[in-house]
Amino acid sequence: MNFTNTTIGLASDHTGFEFKEFIKKHLEQRGLSYIDVGAGSTERSDYTDYAHLLGEAIKNKEIEIGIALCGTGNGMAMTLNKYTFIRAGLAWNVNIAKLISAHNKANILVIPARFITQDDVAQIVDAYLDTPFEGGRHLERIHKITTDFL
């Protein structure tokens with residue numbers, strides 16, 4: 001993993017709730033801990049509320065990385081990327097998940113719940129968590145994104 005604190009923050013709206021529950025079990029099987037900031041059910045909810053909870057948990061250094069889900073993933077990514085210290089990357093397949101880790105050192109993986117399958121989820125999460133950051137020219141680019149690089 002690219003980060004020292006291996007506790008992973010999890011956030012979703014109602015659309016991503018069932019996948020989030022699956023991810024929890026998957027993380028437990030890998031021996032990883034997590035903090036779930038919500039949503040707590042499939043009842044309608046706003047992705048922004050949970051994106052902000054996840055963003056604040058990273059801001060307060062409770063966690064270093066997270067996984068967020070909503071219908072398209074875009075709402076979560078847009079909200080999370082308002083925080084200067086967050087690099088949320090949207091990934092709907094393994095190759096993109098690897099690249100957001102290797103090239104962008106994304107500290108939040110955002111998954112579009114309406115456009116993936118349960119089989120995809122575990123593979124995307126594993127690709128994100130297991131791909132090392134390449135550094136070098138990619139680190140130079142990250143510094144151009146933010147001065148609050150972790």
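The paragraphs below set out a description of the structure included in this document. Quick caveat, the model's predicted, so the values are computed rather than measured.

Focus on helix H2 (residues 47–59)
Here H2 is 13 residues long and its end C-alpha atoms lie 18 Å apart, about the 18 Å a rise of 1.5 Å per residue gives. Regarding H2, the residues found buried are Tyr50, Ala51, Leu54, Gly55, Ala57 and Ile58. For H2, the angular spread of buried residues about the axis comes to 160°, placing them on one side. Its buried side turned inward, H2 meets strand S1 (8–12), strand S3 (65–70), helix H3 (74–80) and strand S5 (108–112). A positive phi of about 60° marks lysine 61, the residue just after H2.

Focus on the pattern of salt bridges
In the structure shown here, the tally under the stated rule is seven salt bridges. Where arginine 30 meets aspartate 130, a salt bridge forms, and the shortest distance between an N and an O atom there is 2.6 Å. Highlighted residues: arginine 30 in the loop between helix H1 (17–29) and strand S2 (34–36) and aspartate 130 in helix H5 (residues 118–130), separated in sequence by 100 residues. For aspartate 130, a relative accessible area of 46% corresponds to the partly exposed category.

Observations regarding the environment of isoleucine 8
Structurally, isoleucine 8 can be placed in strand S1. Separated by 75 residues in sequence, isoleucine 8 and tyrosine 83 have C-alpha atoms that sit 18 Å apart. Those residues within four positions of isoleucine 8 in sequence are excluded, and the remaining contacts are Leu27, Leu32, Ser33, Tyr34, Ile35, Ile65, Gly66, Ile67 and Leu129.

A word on the nonpolar core
By size, the foremost hydrophobic cluster in this structure holds 23 residues, and its most contacted members are Ile23, Ile67, Leu109, Ile111 and Val125. For this core, the elements supplying multiple residues, two or more each, are S1, H1, S3, helix H4 (94–102), S5 and H5. Broken down by element, this core gets its largest block of residues, six residues, from H5. Once residues lying within four places of it in the same chain are set aside, the contact partners of leucine 109 are Gly66, Ile67, Ala68, Gly89, Ala91, Ile100, Ile124, Val125 and Tyr128.

With respect to H5
Here H5 contains 13 residues, and its C-alpha end-to-end distance of 19 Å stays within 8% of the 18 Å for a straight helix at 1.5 Å per residue. For H5, the set of buried residues is Val121, Ala122, Ile124, Val125, Ala127, Tyr128 and Leu129. Residues of H5 that are buried make contact with S1, H1, S3, H4 and S5.

A look at unusual backbone geometry
With an omega of 0°, the peptide bond between glycine 38 and alanine 39 qualifies as cis. Here alanine 39 is to be found in the loop between S2 and H2. One non-glycine residue, lysine 61, lies in the positive phi region at around 60°. On the secondary structure map, lysine 61 appears in the loop between H2 and S3. Owing to a relative accessible area of 65%, lysine 61 belongs among the exposed residues under this scheme.

Calculation criteria
Residues numbered from 1 in each chain as written. Predicted model: local features only at pLDDT ≥ 70, side-chain atom pairs only at ≥ 80, totals over all residues. Heavy atoms only, no water. Helix = DSSP H or I, 4+ residues; strand = E, 2+ residues; numbered from the N terminus. Expected span 1.5 Å × (residues − 1). Buried < 20%, exposed > 50% of the residue type's maximum accessible area, 1.4 Å probe, protein only. Arc of directions from axis to C-beta. Contact = heavy atoms within 4.5 Å. Salt bridge = Lys/Arg side-chain N within 4 Å of Asp/Glu carboxyl O. Core = buried A, V, L, I, M, F, W, Y, C linked by side-chain atoms within 4.5 Å.

Everything listed is a geometric property; what it means functionally is a separate question.
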